[in-house]
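# Coordinate inspection notes
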Amino acid sequence: MEEEGSNAVAETVQAVTEVAADTIQTVTKGVTSETASILHIDDIKKYFTSEQLTHIVMGLIAIIIFYIVYRIIKRILKRHLARIAKPHTVQIASKTVSYAFWILIAMYVLNLFGINLSAVWGAAGVAGLAIGFAAQTSVSNIISGLFVVGEKALKLGDHISVGGDTGIVDNIGLLSVKIHTFDNQMVRLPNSSIINGTLINYSHFDVRRVVLDVGVSYDSDVDKVLEALQQVPSMCPTVIEEPAPKIYYDTFGASSLNMKVCVWCKNADFIATKNDVFKAIVKVSRETPFEIPYTKLDVKIVQ
């Protein structure tokens, strides 16, 4: 009896094991099938045939060759333009070549995978029209950027002022011009603001005029004051002789005769020249002497 009971238990365990194994196998097959369906593994296997893999490898080799050629062309172009063009022109030409290269690579990859480019161009045209309406400001800046480059009104390193923002030009792009101010802050100027507003380029010409206003007392000897101030240009080593300096009476002020001292200097010497002229005016005013009026206050102490 005990032997028969043991055999029955063994048969039951074996049956349960077989059912469990069949269940696990069925579940595994189902999961594998669903995973393959979701990930399109069968389609991928059909696509990555030996012929297709060869085609992809050849395409990758072609892209690498194109990239090497692009780098060589870009380097030669930059070297050649550096001899005949200004730095900002070289910069924009380099960016244009880069954009053209990546567009051509994108078209080549799409064609490599058998995508119909005519349909892509049609979709791109519709998308471009929609984007154009949504990004009118950007389009305006791009068109303005072409005018900025074409006019050659500024270049890298120029000291400019646009709409109250003053600084040194660091970058000239198709959308904007980037400058850094004299307290070292970056300011982005949209190209449309440069074209539609007033651009002041302090670095455009090699020489620049320094003008200082001087007020002298009405009691002063006007001839002696004029004679004394005419010595100022010769006391400043950075002042140039041509164009010639000008010193003249300008207006009748409320409390002084207002004069202007105008001298010319090289652009790089502007600050130094301004300081020298200022110190020279103070020096001759003490030597002549003549009075430079300033605001005075009478203080009365009430006890």
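Throughout what follows, the structure given in this document is the object of discussion.

What counts, and where the lines are drawn
Residues numbered from 1 in each chain as written. Predicted model: local features only at pLDDT ≥ 70, side-chain atom pairs only at ≥ 80, totals over all residues. Heavy atoms only, no water. Buried < 20%, exposed > 50% of the residue type's maximum accessible area, 1.4 Å probe, protein only. Pairing = 2+ DSSP bridges. Helix = DSSP H or I, 4+ residues; strand = E, 2+ residues; numbered from the N terminus. Axes fitted to C-alpha atoms, helices over the stretch in contact; angles between N-to-C directions. Contact = heavy atoms within 4.5 Å. Phe/Tyr/Trp six-rings, centres within 6.5 Å; stacked < 30°, edge-to-face > 60°. Lys NZ or Arg CZ within 6 Å of the ring centre and 35° of its normal.

### Points about unusual backbone geometry
Going from E242 to P243, the amide bond is cis rather than trans, its omega being -5°. A positive phi is found at N184, a non-glycine position, where the angle reads about 65°. Owing to a relative accessible area of 65%, N184 belongs among the exposed residues under this scheme.

### A few points about the sheet that holds strand β8 (residues 257–266)
Taken in spatial order, the three strands make up an open sheet running β6-β8-β7, and their pairing is antiparallel. In this open sheet, the two strands that pair with only one neighbour each are β6 (207–216) and β7 (246–252). Taken pair by pair, the neighbouring strands of this sheet meet at an average axis angle of 25°, ignoring direction. Inspection of the sheet shows β7 paired to β8 by six bridges, in the antiparallel sense. Within β8, the residue paired with T251 across the bridge is N258. Its contacts with the sheet place helix α9 (residues 270–287) against β6 and β8, and it is angled at close to 25° to β6.

### Here we look at the packing of aromatic side chains
Each aromatic ring pair is summarised here by two numbers: the centre-to-centre distance and the angle between the ring planes. Taken as a whole and judged by the stated rule, the model has zero aromatic pairs. One residue, R208, lies across the ring of F270, its end atom 3.7 Å from the ring centre.

### Overview of the pairing of strand β3 (residues 176–180)
One ladder, built from four bridges, connects strand β2 (residues 165–172) with β3; its direction is antiparallel. When the sheet's bridge partners are listed, V169 is paired in β3 with I179. Hairpin connection between β2 and β3: a loop of three residues separates the two successive antiparallel strands. As judged from the five bridges shared by β3 and strand β4 (residues 186–190), these two strands associate in the antiparallel manner. Looking at the pairing, S176 lines up with P190 of β4. Count of turn residues in the β3/β4 antiparallel hairpin: five residues, of which N184 carries a positive phi of about 65°.

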